[in-house]
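Coordinates in review
In case you want the letters, here they are:
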Amino acid sequence: MTQILTIFWDSYRLLTAKRLFWVALGLSILIALLYASVNVGENGISVLFGAYEWASPGGIPAFLAQYIYLTTFTNVLVPFWLGLFAIVLALISVCSVFPNFLESGSIDVAVSKPISRVTLFFTKYLSSLLFVGVQVLVFCVIVFIAFGLRMESWNFGIFWAVPLIIFVFSLIYSVAVLIAVWTKSTLLSLLMAFLVWGVSWGFQAAESFLYKMAYTIPSAGLKMDYSTGESEQSDTPQELDPGLAQIHRVVKLVAVPLPKTRDATYLLKTKIKINGKDLTQKGAFLAEEDDTSMQNIHKAEEELANRHSESYVIGSSLAFEAVILSLACFIFVKRDY
Amino acid sequence: MSIAQVTDAVIDIEEVRKKYRGGVEALRGVSLKVPRGQIFGLLGPNGAGKSTLVKILLTIVRASQCRGEMLGKPVGDQATLSRVGYLPEHARFPEYLKGREVLRYVAGLGGVAKADAIKKSQELLEVVGMEDWANRKMGSYSKGMKQRIGLAQALVNDPEIVFLDEPTDGVDPKGRLEMRAVLNRMKDEGRTVFVNSHLLGELEMICDSVAIMDQGQIVRQGTIAELTEKTRRYEIGVMGALGSEILGKLKTHGVNMEADRLTMYHQDAGEVQPVIDLLRAADVTITSMTEVRQSLEELFMETVGDKGPGAAMPPKLPKKEKA
């Protein structure tokens, strides 16, 4: 246990020694405070602690205010700041950890100690996730307090962002680690991590788009004429296009072994609940009871958001991570230094 | 004491072989015994396999074949590593850590309890003369200071054997003197010190026994006295020319005459006394008498030929078989 704690302590010292860590943390706090400056109340929306206000003539009910406040977090801040920029900064910061650790004169000391190489490898890997963990935790604490004070409701579901974003980062970082132990090159490991991330994101986005075209739009009662660009809304679901459905199936199949970075980030919407309803249940918050077409649209969007089970997203990503890390660990353990 | 007679060996290995991928044979059947409580020097030209051998003992490199024990346990036993200290060649420690933190980091990796690590770190910082610099980051240290911290970290787990790979590399003469004192202190504390070095003069001053490696094999080993015994000679300086009569008598005692110096190859000073008697009886003025031994450097050069330190050729690559 002393050895594992030592590696974590060393990683903590490493990340606090990096200027980029403090820059990223500063930006995280700034963005979280900007978010905290927004108020969605009965009278409307204000930003920068009331500096700018937009009144809502009909008023905003409390549950809808909560919904707007939280979806801003799950649909904007999490995917774009925590799930993209913060991860890019973290990758740039920590992708040199393994190449530096593997340098001659450094690795010799570590592997000549009474600690198994497998433990050494996985502890080093897990401790590198601290970078993102600290950033996301600080961010979520500010969001949690802001939401609690503004809405007078303490929603602990916000903290699901911490494990989910760490998980997403760990998927991308595992690729960087594999390349690092294989080539000892920081640059190559960073490039490959971005490449795999980009490819998997591309497949997930394509799968999502194709699902929307093949299933969501017809289910919502929308009939699209792609030759003229015209659309027609009806109260009844439209027929599915078998060709699009087939293409969707193929893309989904190709995406199965890839890490679900995008989908895992959006899982947060199913984890945060308001009055027992999660944020994918758009209809429960927005639809008018007598508007059938809107209900159909919200139902179709809910199906789109929940088309993948949690076990599929996490399970297939974990399988990817397990394969990549096993390979990296095998190289690390078998190598002569 | 002859190594062959030693029974309490901390390292006792046989037929250690290492063949790297690509066919390079770094070690070709190394057998070695290192006595407990001594300073042991492993010499050899660059590429001889010294570092590979140490790395095999420390599990940094896996041997293709290895029989034997270290501290009574099979080589590769992980628990044994907690009783071993190591300063690698060109050691690198995290630049973001302070000197004191490096010692605690290495102690932690070695499984040393926090309280013990703090106490031992302070003690060692004083031993290596770094207590005033202990709270500064490694990135601000000179090469010599880093090497001092490197030496201290090798001792932080209170090891029974300390492996030092080129420990005086980058250290100034004053630092070398202090390092020699630290090595002798380790020996006095009962530790075995295993030094890899190509600085033969340094080793000669501190080592009790040495082994010379060349092309992946141990070509000589023993105490320095044993290895240089055969070349022991006595030189007597005389003043003025010697007469033919006394020259004839000296020749019967196996004395070589060269200018104003007489040389006799004897192991025992007692065998030189009749020659002195002869000289004194003939009223020859004796200006000096010196016992001369071959230096370690001469022995080394004799052993490895013209492949002196830094001049060795890299190991030969295996020839590719034609399909």
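All of these numbers come straight from a predicted model, not from anything done at the bench.

As enumerated under the stated definition, the model contains 24 salt bridges over all chains in all. A salt bridge links Arg307(A) to Glu207(A), with the shortest nitrogen-to-oxygen separation between them at 2.8 Å. Here Glu207(A) lies in helix α9 (residues 186-219) and Arg307(A) lies in the loop between α14 (292-305) and α15 (310-334), a separation of 100 residues in the sequence. The same class applies to Arg307(A) and to Glu207(A), which are both buried. For Asp8(B), the salt bridge identified is with Arg36(B), shortest N-O distance 3.0 Å.

This paragraph deals with the nonpolar core. With 169 residues, the main nonpolar core has Phe73(A), Tyr173(A), Phe332(A), Ile11(B), Phe163(B) and Leu183(B) as its most contacted residues. Those residues in contact with Ile11(B) that lie beyond four places of it in its chain are Leu32(B), Lys33(B), Val34(B), Leu57(B), Glu69(B), Met70(B), Ile161(B), Phe163(B) and Phe194(B). The next biggest cluster of nonpolar side chains, apart from the first, holds 15 residues, and it includes Ile236(B), Met264(B), Ile276(B) and Val284(B).

Our next topic: the packing of α9(A) against helix α10 (residues 242-255) of chain A. Residues and elements named next belong to chain A. The N-to-C vectors of α9 and α10 enclose an angle of 155°; their axes lie 9 Å apart at closest approach. For the element pair α9 / α10, the angle class is roughly antiparallel. Relative to α10, α9 is oriented so that their crossing is left-handed. Taken together, the residues of α10 that come into contact with α9 (itself represented by Phe203, Ala206, Glu207, Leu210, Tyr211, Met213, Ala214 and Tyr215) are Leu244, Ala245, Ile247, His248, Arg249, Val251, Lys252, Val254 and Ala255. Of the residues belonging to the contact of α9 with α10, the class tally is 13 nonpolar, one polar and three charged.

Another aspect to go through is a nonpolar patch on the surface. All names here are of chain A. A cluster of nonpolar residues, Val23, Leu27, Leu30, Leu34, Leu48, Tyr52 and Trp54, forms a patch on the protein surface that exposes about 690 Å² of accessible area. When contributions to the nonpolar patch are tallied by element, the ones reaching two or more residues are α2 (19-36) and β3 (52-55). Here the element with the most residues in the nonpolar patch is α2; it accounts for four residues. Structurally, Val23 can be placed in helix α2.

All names here are of chain B. Within the secondary structure, Thr228 sits in helix α7 (residues 224-228). On the basis of relative accessibility, which here comes to 2%, the residue Thr228 falls in the buried class. In this structure, the C-alpha to C-alpha distance between Thr228 and Met289, residues 61 residues apart in sequence, is 19 Å. Dropping the residues within four chain positions of it, Thr228 is found in contact with Arg293 and Gln294.

This brings us to the interface of chain B and chain A. Between chain B and chain A, the contact holds 31 residues from the first and 29 residues from the second. A buried area of about 2,600 Å², summed over both sides, lies between chain B and chain A, and 56% of it is on carbon and sulfur atoms. When the area that chain B buries against chain A is broken down by residue, the three leading residues are Arg92(B), Tyr96(B) and Leu109(B), summing to 27%. Linking chain B to chain A there are four salt bridges.

Across the eleven residues that make up helix α4 (residues 143-153) of chain B, a large majority, nine, are buried. Taken together, the buried positions of α4(B) are Gly144(B), Met145(B), Gln147(B), Arg148(B), Ile149(B), Gly150(B), Leu151(B), Ala152(B) and Gln153(B).

So, about the sheet that holds strand β12 (residues 256-258) of chain B. All names here are of chain B. With antiparallel pairing, four strands are arranged side by side in an open sheet as β12-β13-β11-β14. The two strands at the open ends of the sheet, each matched to only one other strand, are β12 and β14 (285-292). Strand-to-strand twist in this sheet, taken as the mean axis angle between neighbours without regard to direction, amounts to 20°. Pairing analysis gives four bridges linking strand β11 (residues 233-239) to strand β13 (residues 261-264), with the strands arranged antiparallel. Looking at the pairing, Ile236 lines up with Leu262 of β13.

So, how was this worked out
- Residues numbered from 1 in each chain as written.
- Chains lettered and ligands numbered in written order.
- Predicted model: local features only at pLDDT ≥ 70, side-chain atom pairs only at ≥ 80, totals over all residues.
- Heavy atoms only, no water.
- Salt bridge = Lys/Arg side-chain N within 4 Å of Asp/Glu carboxyl O.
- Helix = DSSP H or I, 4+ residues; strand = E, 2+ residues; numbered from the N terminus.
- Buried < 20%, exposed > 50% of the residue type's maximum accessible area, 1.4 Å probe, protein only.
- Core = buried A, V, L, I, M, F, W, Y, C linked by side-chain atoms within 4.5 Å.
- Contact = heavy atoms within 4.5 Å.
- Axes fitted to C-alpha atoms, helices over the stretch in contact; angles between N-to-C directions.
- Parallel < 35°, antiparallel > 145°, perpendicular 65-115°, else oblique.
- Left-handed = near helix turned anticlockwise from the far one by under 90°.
- Nonpolar A, V, L, I, M, F, W, Y, C, P; charged D, E, K, R; others polar.
- Patch = residues over 30% accessible without salt bridge, like charges linked within 9 Å, V, L, I, M, F, W, Y side chains within 5 Å.
- Areas by Shrake-Rupley, 256 points an atom, 1.4 Å probe, with all protein chains shown as cover.
- Buried area = accessible area lost by both parts, 1.4 Å probe.
- Pairing = 2+ DSSP bridges.

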